[in-house]
Amino acid sequence: MPQVFLPFVANSAGSPTSQRIVIDPITRIEGHLRIETQIENGRVAEAYSAAMMFRGLEIILKGRDPRDAWIYTQRICGV
Amino acid sequence: MKSDFEEKMEKQGITRRDFLKFCSVMAATLGLPAGSGRAIAQALETGPRPPIIWLEFQDCTGDSESFLREPTLINLLFDSVSLNYHETLMAPSGTLAEKSRLETIRNYAGQYICVVEGSIPTGSGGVYAMIGGRTALSIAQETCTKALATIAVGNCAWDGGLAAAAPNPTGAKGVGGALPGLSPLINLPGCPMNVVNLTATIVYFLTNNQWPALDSQGRPQFAYGQEIHENCPRHNHFEADRFVRAWGDQGHQSGWCLFMMGCKGPRTRHNCWQVKWNGGINWPIGAGHGCIGCASANFWDQPPSFYNPLPDD
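Please read these numbers as outputs of a predicted model, since none were measured by experiment.

(A) Region of interest: the interface of chain A and chain B. Listed as interface residues are 34 residues of chain A and, on the opposing side, 43 residues of chain B. Note on chain A versus chain B: buried area summed over both sides is about 3,200 Å², and carbon and sulfur give 57% of it. It is H32(A), R55(A) and R75(A) that lose the most area in chain A upon contact with chain B, and together they represent 18% of the buried surface on that side. If you look at where chain A meets chain B, you find one salt bridge. Residue D301(B) pairs with R64(A) through a salt bridge whose shortest N-O separation is 2.9 Å. If you look at where chain A meets chain B, you find 26 residue pairs in polar contact (both at pLDDT 80 or more). At the level of secondary structure, the elements contributing two or more residues to the side of chain A that touches chain B comprise β2 (18–26), α1 (57–61) and α2 (69–73) of chain A. No other element matches the four residues that β2(A) contributes to the side of chain A that touches chain B. Among the residues making up the side of chain A that touches chain B, the classes are represented as 20 nonpolar, five polar and nine charged.

(B) How the structure looks around the packing of helix α3 (residues 36–46) of chain B against helix α10 (residues 195–208) of chain B. Residue and element names in this part refer to chain B. Where α3 contacts α10, the two axes come as close as 9 Å, and the packing angle between them is 80 degrees. Accordingly, the angle class assigned to the pair α3 and α10 is roughly perpendicular. Contact residues: A39, I40, A43 and L44 in α3; V203, L206 and T207 in α10. Partitioning the contact of α3 with α10 into residue classes produces six nonpolar, one polar and no charged.

(C) Molecular detail of α10(B). Residues and elements named next belong to chain B. Helix length check: α10, at 14 residues, gives a terminal C-alpha distance of 20 Å against a target of 20 Å (1.5 Å per residue), a fit within 8%. For α10, the buried fraction is high: twelve of the 14 residues fall into the buried class. Among the residues of α10, the N-terminal cap falls to N194, whose side-chain oxygen and the backbone nitrogen of V196 are separated by 3.0 Å.

Cut-off values and rules
Residues numbered from 1 in each chain as written. Chains lettered and ligands numbered in written order. Predicted model: local features only at pLDDT ≥ 70, side-chain atom pairs only at ≥ 80, totals over all residues. Heavy atoms only, no water. Contact = heavy atoms within 4.5 Å. Buried area = accessible area lost by both parts, 1.4 Å probe. Salt bridge = Lys/Arg side-chain N within 4 Å of Asp/Glu carboxyl O. Polar contact = N/O pair within 3.5 Å; in protein donor to acceptor, adjacent residues only side chain to side chain. Helix = DSSP H or I, 4+ residues; strand = E, 2+ residues; numbered from the N terminus. Nonpolar A, V, L, I, M, F, W, Y, C, P; charged D, E, K, R; others polar. Axes fitted to C-alpha atoms, helices over the stretch in contact; angles between N-to-C directions. Parallel < 35°, antiparallel > 145°, perpendicular 65-115°, else oblique. Expected span 1.5 Å × (residues − 1). Buried < 20%, exposed > 50% of the residue type's maximum accessible area, 1.4 Å probe, protein only.

As structure tokens, this is what we get:
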């Protein structure tokens, strides 16, 4: 049976066979990531990932000079 | 006998010569007289080491990347300053990450430096940047107000930057805008900020026990006191009306002035012509592209385009 790696667990609740694990923030990546899992009998039954930051670059780009677009989109990720 | 500091440097492969060179680069960046490098060296060797909490909000991690591009500076800075919390660099995740931040706030209240990267969204109750289930604004409030000082790195942390560009969909603000009255607050705009200026700001504090003189917009005068245009290596071409008029033309190949291609150097105050980027290798104008004015307020909303020449005035 696969073992869930527990040291980084954010919060967990439920019975020993059913457990909800949230890891937020996930570090050592660019951006703000949250992972939520539902554990049933030691296995991941459901998993959700969520990006926790929004800037609306698509909205900001509307109506701008197309020559400028790269300067904005380059800043989606600086890594 | 070797001091602790010397042993640490040695372990990181930094020679005494590297160290003294670093100190004189810092003195030159800060515009201090010759010989000031010695005082800096002494302060770094013997002084206290304030912890740093590095907060990332609506960011692209470009400022962290800029920070990491200078391995020698960073090794020395890490030696003088301990980095206790940095989402992209730290090992712990989840609650353990937040625990490091809270412990640093508790154990070093009024002694740690808070570096903020990225803007703080204030629209819709701040839901556009959440870390550990909390809004960026509440984390900033908790962390910045108890710090020895807050350093806002990059344009976004200064005036909201990219996320605050029209129509500012998330109500993004810089640190100063989101936390009015926060003091001391040092702004290091630029997209990204320049690591030499961040390092020099911290080194200045460690040496003098006060922060460098700021201009009316909260930026250190040593880094934002001079216009790029008047220090530009292409300035003599501007004076002689030798302009690049199309990408790749004879003038572009000859390194002429980029004003007609939209260079914002005449409106931008920053020392990037002096400190450059990526370990002093080059800077935008040196690479043949005009300045986009990234150290200026609201530079993302310069109509009509980054490629239109500045209007006469």
